[in-house]
Amino acid sequence: MTGPPKTKIERDGPSRLIRADKVIRALGRRAGDRALYLVGGTVRDALLGTAPADIDIAVDAPVADFARELDSDAVLHENFDTAEVTLLGRRVDLARTRSEKYARAGSLPEVTPDRIEKDLARRDFTINSLAVPLADPDELIDPYGGLEDIERRVIRVLHPGSFTDDPTRALRAARYAAKLGFDIDHRTADLLTGVDLGTVSPQRVRSDLRLIAEEPTAMEALRLISAWGLLTIAEAD
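The following refers to the structure shown. (Residues numbered from 1 in each chain as written. Predicted model: local features only at pLDDT ≥ 70, side-chain atom pairs only at ≥ 80, totals over all residues. Heavy atoms only, no water.)

### Thoughts on the overall build of the protein chain
Here is step 1 of the chain: Check the secondary structure of the protein chain and you find 12 helices and 10 strands.
Here is step 2 of the chain: For 237 residues, the compact-globule estimate of 2.2 N^0.38 gives 18 Å, and the protein chain sits close to it at 18 Å.
Here is step 3 of the chain: A buried classification covers 50% of the 237 residues belonging to the protein chain.
Here is step 4 of the chain: Across the protein chain, every contact between residues at least 6 apart in sequence was considered, and the portion connecting residues at least 24 apart equals 61%.
Here is step 5 of the chain: When the accessible area of the protein chain is evaluated, it comes to approximately 12100 Å², of which 49% is carbon and sulfur surface. (Helix = DSSP H or I, 4+ residues; strand = E, 2+ residues; numbered from the N terminus. Rg over C-alpha atoms; globule rule 2.2 N^0.38 Å. Buried < 20%, exposed > 50% of the residue type's maximum accessible area, 1.4 Å probe, protein only. Contact = heavy atoms within 4.5 Å. Areas by Shrake-Rupley, 256 points an atom, 1.4 Å probe, with all protein chains shown as cover.)

### Topic: the pairing of strand S2 (residues 55–59)
Here is step 1 of the chain: Taken across its five residues, S2 has four buried, putting it largely inside the fold.
Here is step 2 of the chain: Where strand S1 (residues 36–39) and S2 come together, three bridges link them in antiparallel fashion. Bridged to Leu-38 within S2 is Ile-57.
Here is step 3 of the chain: Alignment of S2 against strand S5 (residues 90–96), held across five bridges, turns out to be parallel. In the strand pairing of S5, Ala-58 is matched with Ala-95. (Pairing = 2+ DSSP bridges.)

### Overview of the environment of Ile-24
Here is step 1 of the chain: With respect to the secondary-structure elements, Ile-24 resides in helix H2 (residues 22–29).
Here is step 2 of the chain: For Ile-24, a relative accessible area of 2% translates into the label buried.
Here is step 3 of the chain: Ignoring any residue separated from it by four or fewer positions in sequence, one finds Ile-24 in contact with Leu-17, Ile-18, Leu-38, Ile-55 and Leu-134.

### Quick look at the sheet that holds strand S4 (residues 82–87)
Here is step 1 of the chain: The six strands are arranged S3-S4-S5-S2-S1-S8 in an open sheet whose pairing can be described as mixed. With one partner strand each, in any of the chains shown, strand S3 (75–77) and strand S8 (131–133) form the two edges of the open sheet. Between one strand axis and the next, the sheet turns through 30° on average, direction left out of account.
Here is step 2 of the chain: Where H2 meets the sheet, its contacts fall on S1, S2, S4 and S5, and the angle it forms with S2 comes to roughly 15°. (Axes fitted to C-alpha atoms, helices over the stretch in contact; angles between N-to-C directions.)

### Focus: the packing of aromatic side chains
Here is step 1 of the chain: Tallying each qualifying case throughout the model produces one aromatic pair.
Here is step 2 of the chain: Taking 6.0 Å as the distance between ring centres and 90° as the angle between the ring planes, the aromatic pair formed by Phe-125 and Tyr-176 counts as edge-to-face. With Phe-125 in the loop between helix H5 (116–121) and S8 and Tyr-176 in helix H8 (residues 168–180), this residue pair connects regions lying 51 residues apart in the sequence.
Here is step 3 of the chain: According to the relative accessible area criterion, Phe-125 is buried, its value standing at 0%.
Here is step 4 of the chain: Assessed through its relative accessible area of 10%, Tyr-176 is described here as buried.
Here is step 5 of the chain: Just above the ring of Tyr-176 sits the side chain of Arg-175; from NZ or CZ to the centre is 5.1 Å. (Phe/Tyr/Trp six-rings, centres within 6.5 Å; stacked < 30°, edge-to-face > 60°. Lys NZ or Arg CZ within 6 Å of the ring centre and 35° of its normal.)

Written out as structure tokens, the structure reads:
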């Protein structure tokens, strides 16, 4: 008896993207002595052979000065050391490599600068806990088995407290499952039954729902949200 078909992975997808994309090449040239990493969904999509919608870059250095060097109109979020810049006509999201602590369930995290391995440990799902150094495009940093989970078409949290720390990750699980056609890991599915969106602000819930609404697969994501008992349709509206 055979299991479900596996997704074909383009293992050289991230390295080809880094070498071919003019925006990413420009970032590498202007990095100076900063270590830059392609991270998260950008790496995931490159492995899946699809053009990434966004360019997500982790910076092992303070972000504000680098962002201003790239774009005088950069939008800075200094509490989290992140920024959005426009480079060669495209948006790039910059974030300092960091670790996070949550003072209480659903609170915004307290962030501390840290190395890339700690940064990947704070992320939502294994399929997004991936990084590729711009200085070494052939290296894939994958401490949590994200590559295997992409191949297996599975969405899996990194630790049992993930949805307690940030319940909106449950909404993201629905968005990714619908968008990518992935299944929810059975242990992650068990954790979804206890998610309490009431510990986060309505604004944060609405923000994730807006992202869902922008996807062609929005109705399937909303069906999952309803099936998991996270929101009723009336609440989602």
